[in-house]
Amino acid sequence: METLRPIFQKAQDGAVNVYGIIVQRFQDMAVGYGYAILGDFHLAEDVAQEAFVEAYQHITKVSSPFAFPGWLRKILFKHCDRYLRRRRLDTVSMDTLVTDVPSNRPPPDVEVEDREMKETIKRVMQTLPEQERIVVSMFYMGGY
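For clarity, every value in this text was computed on a predicted model and none was experimentally measured. (Residues numbered from 1 in each chain as written. Predicted model: local features only at pLDDT ≥ 70, side-chain atom pairs only at ≥ 80, totals over all residues. Heavy atoms only, no water.)

Chemist: What exactly am I supposed to notice about the side chain of E111 here?
Modeler: Within the fold, E111 resides in helix 6 (residues 108-127). The exposure class assigned to E111 is buried, which follows from its relative accessible area of 19%. Not counting residues up to four positions away in its chain, the partners in contact with E111 are R105 and P106. (Helix = DSSP H or I, 4+ residues; strand = E, 2+ residues; numbered from the N terminus. Buried < 20%, exposed > 50% of the residue type's maximum accessible area, 1.4 Å probe, protein only. Contact = heavy atoms within 4.5 Å.)

Quick look at the structure:
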């Protein structure tokens with residue numbers, strides 16, 4: 001974290017390209033935390049991106065690089081909470097709209113097995129206490 005101090009200072013001074021280094025350093029943690037709350041990898045990526053943009057806009061409020069991860073998690077939680085409170089719209093799969101186009105997708109039985117496995121893992125993850133869910137997500141998704 002000490003090696004992050006000069007990079008962090010430059011980012012606070014407004015260097016956008018240097019902020020990218022901070023994003024790379026914490027992106028796995030951010031997506032893993034978002035996934036633990038939302039249960040959807042793609043939504044977690046979107047929320048992490050929104051949180052990093054907000055964090056950059058207010059980075060001067062952070063006192064040190066040591067405080068950044070906790071501060072970023074608060075921003076992530078806020079964005080996850082906003083998403084969960086939003087009214088979700090019903091969507092229609094592209095598969096139901098386009099039936100004549102050849103596909104590179106795996107056979108249906110493989111898709112069903114993959115989906116069942118993911119649903120089982122998601123169901124088991126939801127039985128864990130929130131702190132354990134966060135730890136497991138960050139370990140397997142972010143390598144922490």
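Still more to cover.
Chemist: Help me out: how do you make sense of the nonpolar core in this one?
Modeler: Soluble globular proteins: nonpolar side chains tend toward being buried together. Residues Y19, I22, F26, F68, L72 and L76 are the most contacted members of the largest nonpolar core, which totals 31 residues. Contributions of two or more residues to this core are made by helix 1 (4-12), helix 2 (16-38), helix 3 (41-57), helix 4 (68-85) and helix 7 (130-142). Counting residues per element, this core draws most heavily on helix 2, which supplies eleven residues. (Core = buried A, V, L, I, M, F, W, Y, C linked by side-chain atoms within 4.5 Å.)

Chemist: Honestly, the layout of surface pockets in this entry has me stumped. Any pointers?
Modeler: Rolled over the atoms, a probe as big as a water molecule pinpoints where empty space is left. Here the largest pocket defines a volume of roughly 510 Å³. If you trace the largest pocket, you find 16 residues lining it, with Y35, G39, K118, E119 and K122 closest to the centre. Elements with a minimum of two residues in the lining of the largest pocket: helix 6 and helix 7. (1 Å grid on protein atoms, 1.4 Å probe; cavity = no way out; pocket = protein on both sides within 12 Å on 5 of 7 lines; lining within 4 Å. Points joined across faces, edges and corners; volume = space filled by probe spheres on them.)

Chemist: For this particular structure, what's the right way to read the packing of aromatic side chains?
Modeler: In this description, an aromatic ring pair is defined by two values, namely the gap between the centres and the angle between the planes. Under the counting rule described, the total for this entry stands at four aromatic pairs. Linked through ring pairs, F8, F26, F68 and W71 together constitute an aromatic cluster. The ring centre of F26 lies 5.1 Å from the NZ or CZ of R25, which sits over that ring. (Phe/Tyr/Trp six-rings, centres within 6.5 Å; stacked < 30°, edge-to-face > 60°. Lys NZ or Arg CZ within 6 Å of the ring centre and 35° of its normal.)

Chemist: Explain the pattern of salt bridges to me, please; I cannot follow it from the model alone.
Modeler: Pairing between side chains of opposite charge can happen when their charged atoms approach one another. This structure, assessed with the given rule, holds three salt bridges. Among the ionic pairs, E54 bridges to K78, the shortest N-O distance being 2.5 Å. Of this pair, E54 sits in helix 3 while K78 sits in helix 4, placing them 24 residues apart in sequence. Its relative accessible area of 15% is what places E54 among the buried residues. (Salt bridge = Lys/Arg side-chain N within 4 Å of Asp/Glu carboxyl O.)

Chemist: Looking at this structure, I do not really get helix 2. What am I missing?
Modeler: Owing to its 3.6 residues per turn, the α-helix aligns residues three or four sequence positions apart on the same side. Here helix 2 spans only 29 Å end to end across 23 residues, well under the 33 Å set by a 1.5 Å rise per residue. Along its length, helix 2 shows its largest kink, about 50°, at F26. Note on helix 2: the residue one or two positions beyond its end, G39, has a positive phi of about 75°. (Expected span 1.5 Å × (residues − 1). Bend = angle between axes of the 7 residues up to and from the residue.)

Coordinates in, geometry out; function isn't part of it.
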